[in-house]
Amino acid sequence: MLANLFSRRFRGQVALEALLSIVLLLAFFFIMWAVGVAIHNQSRMQTATQLAAQGALLAYDRNSYRGVDVNGSTAAAKERATDIAGRVFVANACGMIAAPFVQEVPVDCSDELPSGPRFVSVACADELNDASFSEAKCGTDQGSKATRVTVNAEALQPLWLVSADPSESGALSYRLTGRASAYSYSPSAEAEEE
Amino acid sequence: MIRRRDKQSGQAALETLIVFVLWFALVMLVVNVMMIIAALMLNQSTVTRGAQQVAALGCLHDGIAEEIAARSVFGAKNIQVRAAVVEDPASFDPAAVREPLADMSPEYTALPACEGAAGQAPSGSVILVQASYDQHFLMLNWFGFDASVPVTRTAAVVSNALEEGSS
């Protein structure tokens, strides 16, 4: 009788342990899935930012004459570079994958382009030294030899949506960031002056 | 008494087997999901690298398509590489990159193969490089089940190809 009772209790304990191990493994499965999604999306974010910076630099250099402001060409070039950066960024960030149990992705493939003064910044200098780059040096009468375009992008990665809006409190999410710079340098301007 | 003990140990072995099978299936699922995510990431990286080469050339070189196919990982098969160009970046619609190139709007023209300067994408235009392939589930393949999903990876770059006459 006692042995029978002990046996049943023992079997119950084994079943409980087995159930717990399966639950733990399921939790591990979803955590690893979420980690994989985070790594993939962060990688995509950084790639998109880098390609956006390269595209924006090319657009800026094509639309400005060695940094010399001719009839407001610098402002137009900046505007053009920002537009290109936004389009290239969205095109490359499109394709992010969603976390488990979440439908929203950090960057959807909508027509809405990222904007704002921090998204694209253009700085110029007379030498390739990060400390000497300044936005004020772009579009001067003398022009500049080096140009740096920096793209900063951020997006919220919804992780567990309690609220429909990932930016609201109650929704668990983290911030994906991308920051990349592209440089161009024309020492030929110096050679021409000499 | 001995028969009863045998029955109990048999039952315990069966329970252990069931738990082990569940564990095995879940661990395989974890590995499979991680491999699929890794494949998406690495293949995207390969397509991006190819796109930058296309941007430098301004045309689709056979070698780039072959390189993208050769570098694909983790069960990517039947790879087809295409490229399109949008000469006016202002008409470039980022939302279109999910569509197969064949279904894109008329602004997108297929990028020709590299055969001389004719047809070369002008510098400053937006180039889309797209690789479509079947992503096979490697773990299922190892156990004799062939399952795959179609995947498309696209990279958009601004062409910086040297044009004829430029130095």
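Participant: Looking at this structure, how should I read the overall build of chain A?
Facilitator: For chain A, the helix and strand inventory stands at three helices and three strands. Of all 194 residues assigned to chain A, the portion counted as buried reaches 43%. For chain A, the share of sequence-separated contacts (at least 6 apart) that also reach a separation of at least 24 residues comes to 66%. Carbon and sulfur atoms provide 56% of the accessible area of chain A, an area that totals close to 10600 Å².

Participant: Any chance you could explain the interface of chain A and chain B here in plain terms?
Facilitator: A common measure of how large an interface is: the accessible area buried when the components associate. Facing the 38 residues of chain A at the interface are 39 residues of chain B. Across the chain A to chain B interface the summed buried area is about 3200 Å²; carbon plus sulfur atoms make up 69%. Looking at the side of chain A facing chain B, the largest losses of area belong to L25, F29 and R87 of chain A, adding up to 17% of the total buried there. On inspection of chain A and its partner chain B, the count reaches zero salt bridges. Between chain A and chain B we count five residue pairs in polar contact (both at pLDDT 80 or more) in total. Elements represented by at least two residues in the side of chain A that touches chain B include exactly α1 (2-63) and α2 (73-93) of chain A.

Participant: Explanation requested: the environment of V37 of chain A in the structure shown.
Facilitator: By secondary structure assignment, the location of V37 of chain A is in helix α1. You can call V37 of chain A buried: its relative accessible area is 1%. With sequence-adjacent residues up to four places away left out, V37 of chain A is seen in contact with I97, A98, A99 and Q157 of chain A together with I37 of chain B.

Participant: What is the right way to look at the confidence of the model for chain A in this model?
Facilitator: Low-pLDDT stretches of the model should not have their predicted coordinates read in fine detail. In the predicted model, chain A carries a mean pLDDT of 80, and 79% of its residues have values of at least 70. Per-element confidence in chain A ranges from a low mean pLDDT of 53 for helix α3 (residues 188-193) of chain A to a high of 88 for strand β1 (residues 120-125) of chain A.

Participant: I keep staring at unusual backbone geometry and nothing clicks. Help me out?
Facilitator: Peptide bonds are mostly trans, and most non-glycine residues show a negative phi. The phi angle at F101 of chain A is positive, at roughly 65 degrees, despite the residue not being glycine. Among the secondary structure elements, F101 of chain A is positioned in the loop between α2 and β1. We note that N78 of chain B has phi near 55 degrees; this positive angle belongs to a residue other than glycine. With respect to the secondary-structure elements, N78 of chain B resides in strand β1 (residues 76-86). Overall, the relative accessible area of 56% leaves N78 of chain B in the exposed class.

Criteria and cut-off values
- Residues numbered from 1 in each chain as written.
- Chains lettered and ligands numbered in written order.
- Predicted model: local features only at pLDDT ≥ 70, side-chain atom pairs only at ≥ 80, totals over all residues.
- Heavy atoms only, no water.
- Helix = DSSP H or I, 4+ residues; strand = E, 2+ residues; numbered from the N terminus.
- Buried < 20%, exposed > 50% of the residue type's maximum accessible area, 1.4 Å probe, protein only.
- Contact = heavy atoms within 4.5 Å.
- Areas by Shrake-Rupley, 256 points an atom, 1.4 Å probe, with all protein chains shown as cover.
- Buried area = accessible area lost by both parts, 1.4 Å probe.
- Salt bridge = Lys/Arg side-chain N within 4 Å of Asp/Glu carboxyl O.
- Polar contact = N/O pair within 3.5 Å; in protein donor to acceptor, adjacent residues only side chain to side chain.
- pLDDT = per-residue confidence, 0-100.

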